[in-house]
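Observations on the three-dimensional arrangement
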Amino acid sequence: MQLDKQTKRTVQVLGIDAGGTMTDTFFVDSNGEFVVGKAQSTPENEALGLIESSRDGLGQWGLNLQEALSTIQTGVYSGTAMLNRVVQRKGLRTGLIVNAGMEDFHRMGRAIQAYLGFAYEDRIHLNTHYYDEPLVPRHLTRGVMERVDMFGKVVIPLREDTARKAARDLIDQDVEGIVISLLHSYRNPAHERRVRDIVQEEIEKWGKKIPVFASTDYYPVRKETHRTNTTILEAFAAEPSRETLRKIGSAFKENGSKFDFRVMATHGGTISWKAKELARTIVSGPIGGVIGAKYLGEVLGYKNIACSDIGGTSFDVALITQGELTIRNDPDMARLVLSLPLVAMDSVGAGAGSFIRLDPYTKAIKLGPDSAGYRVGVCWAESGIETVTISDCHVILGYLNPDNFLGGQVKLDRERAWNAMKEQIADPLGLSVEEAAAGVIELLDSDLRDYLRSMISGKGYSPTSFTCFSYGGAGPVHTYGYTEGLGFEDVIVPAWAAGFSAFGCAAADFEYRYDKSLDINIAEDASDKAKAAEARVLNEAWAELTERVLEEFELNGYSRDQVQLQPGYRMQYRGQLNDLEIESPIKSASTPDDWDALVDAFNDTYGRVYAASARSPELGYSVTGAIMRGTVPIPRPRIPKEPEGESTPPESAKLGTRKFYRKGKWVDAQIYQMETLRPGNRIAGPAIIESDATTFVVPGGFETWLDGHRLFHLKEV
């Protein structure tokens, strides 16, 4: 390995968060120390922003790009490009084969898809509902004659001639991918796999190369619409994203790298960009932050964490309770219901780049949901933006240093922002520019605070039992506003908040996960023979999924003995609507005692997630799915630990003062340089703590102190 002669650093891990506004990179060296780089995102060619962000981060260590990349062992990517492709319906031309008579079910979708993402008042009025264009249009959908019932029994044998005709029709339509999804194929995959083979035979006859995606090979789970949508994503959006990731990898290899990128997956682990099921990476950026918070919690002893992430486009929230994440198995995304294991998160379309408008009839202020993204706002003369954004308010009110945005890479113009705010918002409302801008910030903070409170209380918890982690490029600007009055046990802002999602990517396991639907139902007082029989059914599913996990790792050069396997299952009391994901306490199951161990683990988890008094064992138990996860060890970032010293910040950390507007008046805020502050330092508001990548606002009535892990703790005084 090459070492930098000056710093003697060997860089080992790279984490990437390619957001809609900023691209963050997170580098970890052989000692576990890390540094954050930041640059504007470049949607037209993501590699450009990633390379620039890498140069920014490595430059802080005195390393050049080629030297550092040559020693990196692993790189993890997260981003939103695939999700954006689905939202904009800009994917590959995909064909779909379903049961004859079911050709319209994909475009009909589920009823919920007509109002996903709507506010309550729009959900209850049918005239506001609408369906988006289907990913596969009706003229590229074909039916085949066959039928398997819900128990896996063949009711109508497959008419192979109909499958061949369907394949020829779609090939003749110049499709770029063919998806096959037949009713109940997760219970009996024989027909679907035969159709897959027939389609591949026809493609070979035509001399073409068209990928084929059978749902049973990817997502053998119940719920036809969810399963079909998710398999379509593999052809429609995942394959173009695979090409994007290949180009990013090539750009890094041209600059000296030798590693292959992994990608943050929806279940919280990372997978190779070459992985078969790449649709699992459709939303990865926000999940990185949750994994980073979980890792910090494990190291530092935080059990209950409210994760809050504000970027340029959204506010993302997730809860970690008793050190555990909640995994949703049938989430919705881009107004589609899906069959993906997804870390449970909620998002609001309100970030630092959100546009501000007045309702033409009520004159009410409307925030977002659209955003200026990487173009920041009117305050950036080169943005081409004419509608004011939240970032413009930050500049007007003195939150941001116009000359130090992205370390001075982008110069902001307060006068441009001030004039636009006056014309578009302040004058129509009869307010001063400062009052209008402050009102917008207060409205945003209030909305976010209510959203955070409702999410926690809606799950039966109180904020007083949670520590709130605030991160993202714009998180520290608003931390005081959306946490004020909620009574969190603690409020923490990491010094590396701007790159926290990239940090989470670097801390995530290299993990493959596969799921399979099951229908195991058993009474509480079932016989030992019945318990053993059902345990073996689950064990057979684990064995099948194990092979799929190991095959993926083998493609990445890992032998079977290097993989740590962890089986899991989804269980519920019979008759209930929602199941829980349980990590199995045993590696295999075949005896009555094994079954009892599985039930005990479920009852224990159920009591912690809900309440011990809510347990209902008298109903019996249902296992709804089998899960197999495989991981291999990776180097992780080391959480810094420095001795805490004096409470008074060093004079060298002070950068002067700046006028700051809040609660109807201007005050002088002391400005500090974040990197110069030392553990133990305490700062009372009004103060602003600046770094090149983010700004931490501490208004009057608040105080913060920096601990030895370089975590800022914010409290009301």
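Residues numbered from 1 in each chain as written. Predicted model: local features only at pLDDT ≥ 70, side-chain atom pairs only at ≥ 80, totals over all residues. Heavy atoms only, no water.

Per an unreviewed UniProt entry, the protein goes by Acetone carboxylase beta subunit and derives from Chelatococcus caeni.

Overview of the pattern of salt bridges
Summed over all chains, the structure comprises 49 salt bridges. Arg-196 is paired through a salt bridge with Asp-217; the nearest N and O atoms lie 2.7 Å apart. In this pair, Arg-196 sits in helix α7 (residues 190-206) while Asp-217 sits in helix α8 (residues 215-218), placing the two residues 21 residues apart along the sequence. Judged by its relative accessible area of 13%, Asp-217 falls in the buried class. In this structure, the salt-bridge partner of Lys-422 is Asp-427, at a minimum N-O distance of 3.0 Å. Relative accessible area serves as the criterion here: at 32%, Lys-422 is assigned to the partly exposed category. Salt bridges linked by common partners bring Glu-160, Arg-164, Arg-168, Arg-194, Glu-201, Glu-202 and Lys-205 together as one network. (Salt bridge = Lys/Arg side-chain N within 4 Å of Asp/Glu carboxyl O. Helix = DSSP H or I, 4+ residues; strand = E, 2+ residues; numbered from the N terminus. Buried < 20%, exposed > 50% of the residue type's maximum accessible area, 1.4 Å probe, protein only.)

Considering the sheet that holds strand β9 (residues 177-180)
Taken in spatial order, the 4 strands of this open sheet run β6-β5-β9-β10, and their pairing is parallel. Strands at the two margins of the open sheet, each flanked by one partner only, are β6 (141-144) and β10 (212-214). Averaged over all adjacent pairs, the angle separating strand axes in this sheet is 20°, with direction ignored. Against the sheet, helix α6 (residues 160-172) contacts β5 (94-99), β6 and β9, and its axis sits at roughly 170° relative to β6. In the packing of helix α9 (residues 224-254) onto the sheet, the strands contacted are β5, β9 and β10, and the crossing angle to β10 comes to about 160°. (Pairing = 2+ DSSP bridges. Axes fitted to C-alpha atoms, helices over the stretch in contact; angles between N-to-C directions. Contact = heavy atoms within 4.5 Å.)

Things to note about helix α14 (residues 475-483)
With 9 of 9 residues buried, α14 lies mostly within the body of the structure. Where α14 is concerned, the buried positions are Gly-475, Pro-476, Val-477, His-478, Thr-479, Tyr-480, Gly-481, Tyr-482 and Thr-483. Positive backbone phi, approximately 85°, marks Gly-485, located one or two places after α14.

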